[in-house]
Structure formats: C-alpha cells, structure tokens
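# Architecture at a glance
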Amino acid sequence: MMQVDLKLILEVVGMLIYATFMGFIFMGIERKAMARIQRRVGPPIYQPILDTLKLLGKKESVSHGFIYDFGPIFALGASIAALLFIPIANFQLFSSNADLIVVAYLLEVPMLGIMLGAMSSGNPYSAVGVQRGLLTMVAMQLPYGLALIAIIQHWGTFKLSNIVALQAVHGWSITVPALLLAFIVFDIVFQAMLGLEPFDIITAPAEISLGPMVEYGGKHAALLFTQHAVQLFAETAFFAVLFLGGASNLLELLIKQVAVLFIAIFVASIYPRFTIDQAAKFFWKWPTILGIIAVLLTM
C-alpha cells in the first residue's frame, strides 16, 4: 500500500513539474512567435523561467493583508486541481462522472482568485481591471456553456476519459460538423481565458499597467507567473481532450497543445484589442449564435 501511495505521489509531483515547465515554455513560445510575426527577434523561449527565478529572488516590503497574499495561492491551487482532473496521456489522478464540468469550473476560478487579491490592494488600476475581468467572465459564460453542452449532447457523457475513448473509435470532435461549430466557439472563449488579443482589455499593459496584477511584485508575481504556466498547460490540454481526441502519450499531446497555442497566437497577432463593451457585445452575438446552432444540431 505504501509503495502504491509513494508511486502515486511521485507521478503527481512529476506531472506537476512537467506541466509547469511546459507551461513556461508555452509562454516563451507565445512571446517568441508574436515577435517573429511582428518582424522582431523576441526573447528566448526560456525567458519566462528566468523572469520567474528573478522575481523569486526579489525582496518585498509591501503587503496589503491576508486576502492580497491569499489570492495568487488560491488561483494556483485551482489551476493545479483542474490539471489533475484532465486525462493527460495515460495519467489522470482524479476522475468522476462529471469531471468535464469540474474542469470547466476550476479553469475559471483562478481569475476570481487573482481579482480577489487585486481588489484588496486598493490600486485604481487594479479596480478597473477587475471590473473588466468580471464583465468578460459574465459575457463569455453563455457561449462557453453552449459549446460544452454541444460536446456533452453529442458524446452522451460528462466524463473526459469516455470522450477521449469515443473519439478514438468515431473520430475527433472537429470532424463532426456540429462540433466544428462548438470548436470555433470554444476557441474564441479560449482566447479570452488566455488573456490574449482581442480580449486582453483586462490587463491592457499600455493603458492600465496590467490591471489586476499592477501591485504584485517579487514572490507574488512569481507565483502568478507559475499559476499562468500551469493554467496555460491545463487549458491547452483540456482543448485537446475535448476536440482533438486527447493523446496516448506526452509527445502526441504536446503536438496538439502547440497547434492549439499557435491558433491563439495568430489570432492575437491579427486582431486589435476590443474595448470592454465591444468584447461583451461580441460574445453575446456571434459565438452565442454559433453555440446555439451547435446545440440544436446535436440534439
């Protein structure tokens, strides 16, 4: 029993280390690819790791209380929990009959944790960023939910491992016309979840100085960098599981994750930033219409 437990612990630790490392690499790929598209050299793909290590070494003299400190920890915990529910190659620590809903919920919790800590800082830029973030979250719920409903109705299950198994037999979700529409809707929502253009109004570096993250520095910022790395890995893996058939090994999963990431990068490089009212109206229009059509076609 002890050997089984030790093996499980080592597998979990190994998966978390791998996911965090690859998340940082994905962040580096994102920055490098955008730079090349814009005809710049860009930083090396391992730059986010160096940035995080540098931040960990900084001393902090400012704190805004327990909630400010707890926000990034809460966000990181939710990202890790979501990761452990996703079937990654042949590894899935937690499984339930409705783990699709669990993962979909947990992937949205980190934003709430960051906003909770940001609001306690009292910075006006943080407040503006939080308001925009909450409105974006509310706006994307409808198309996000419709895309998930289409997936659930077509495959007839809430269980992620079952969805992967069914795709192995019947083909990937994107080969089904109705789920191709759900794929488009989910990809639009995915863009907002990553905080990339045209939905980066929450942070808007040139306007509100990173919004909710403006007060965070040193170890707090390093924790947020780590959280974003885990979140990025989890979200791309979730996308691959739902629409690209999952993966039987880490290399196959990595290829699919990078493909998903490059779609997001290209979209971010082409479209300018929406204002918050434009983003809300957009989510409640085209993605919602496509989501409704996808749900009706899968009924």
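Above this note sits the structure.
Reading the values: the criteria
- Residues numbered from 1 in each chain as written.
- Predicted model: local features only at pLDDT ≥ 70, side-chain atom pairs only at ≥ 80, totals over all residues.
- Heavy atoms only, no water.
- Core = buried A, V, L, I, M, F, W, Y, C linked by side-chain atoms within 4.5 Å.
- Buried < 20%, exposed > 50% of the residue type's maximum accessible area, 1.4 Å probe, protein only.
- Helix = DSSP H or I, 4+ residues; strand = E, 2+ residues; numbered from the N terminus.
- Contact = heavy atoms within 4.5 Å.
- Salt bridge = Lys/Arg side-chain N within 4 Å of Asp/Glu carboxyl O.
- Axes fitted to C-alpha atoms, helices over the stretch in contact; angles between N-to-C directions.
- Parallel < 35°, antiparallel > 145°, perpendicular 65-115°, else oblique.
- Left-handed = near helix turned anticlockwise from the far one by under 90°.

Attention shifts here to the nonpolar core. Within the largest apolar cluster, 77 residues are counted, with the highest numbers of intra-cluster contacts made by Leu100, Phe186, Phe238 and Leu242. For this core, the element with the highest residue contribution is helix H10 (residues 218-243), accounting for twelve residues. Filtering out sequence-adjacent residues up to four positions away, Phe186 remains in contact with Tyr144, Ala147, Leu148, Phe238, Phe239, Leu242 and Phe243. One finds Tyr68, Ala75, Ile114 and Leu224 within the second-largest nonpolar core, a separate group that totals five residues.

Our next topic: the pattern of salt bridges. Evaluated as defined, the whole model comprises three salt bridges. The partner of Arg273 in a salt bridge is Asp200, with the nearest N and O atoms 2.9 Å apart. One end of the pair, Arg273, is in the loop between helix H11 (250-270) and helix H12 (276-283); the other, Asp200, is in the loop between helix H8 (177-194) and helix H9 (205-208), with 73 residues separating them in the sequence. With relative accessibility at 5%, the residue Asp200 sits in the buried group.

Where helix H2 (residues 47-56) contacts H10, the axes come no closer than 7 Å and their chain directions differ by 150°. By the criterion of interaxial angle, the relationship of H2 to H10 is roughly antiparallel. The two elements H2 and H10 cross, and the hand of that crossing is left-handed. On the side of H2, the interface is formed by Pro48, Asp51, Thr52, Leu55 and Leu56, while H10 contributes Gly218, Lys219, Ala221, Ala222, Phe225 and Thr226.

To continue, consider unusual backbone geometry. Omega for the peptide link from Glu197 to Pro198 comes to 5°, which places this bond in the cis form. The phi torsion at Arg39 lies on the positive side, around 60°, for a residue other than glycine. Along the chain, Arg39 falls in the loop between helix H1 (2-37) and H2. The class for Arg39 is exposed, based on a relative accessible area of 81%.

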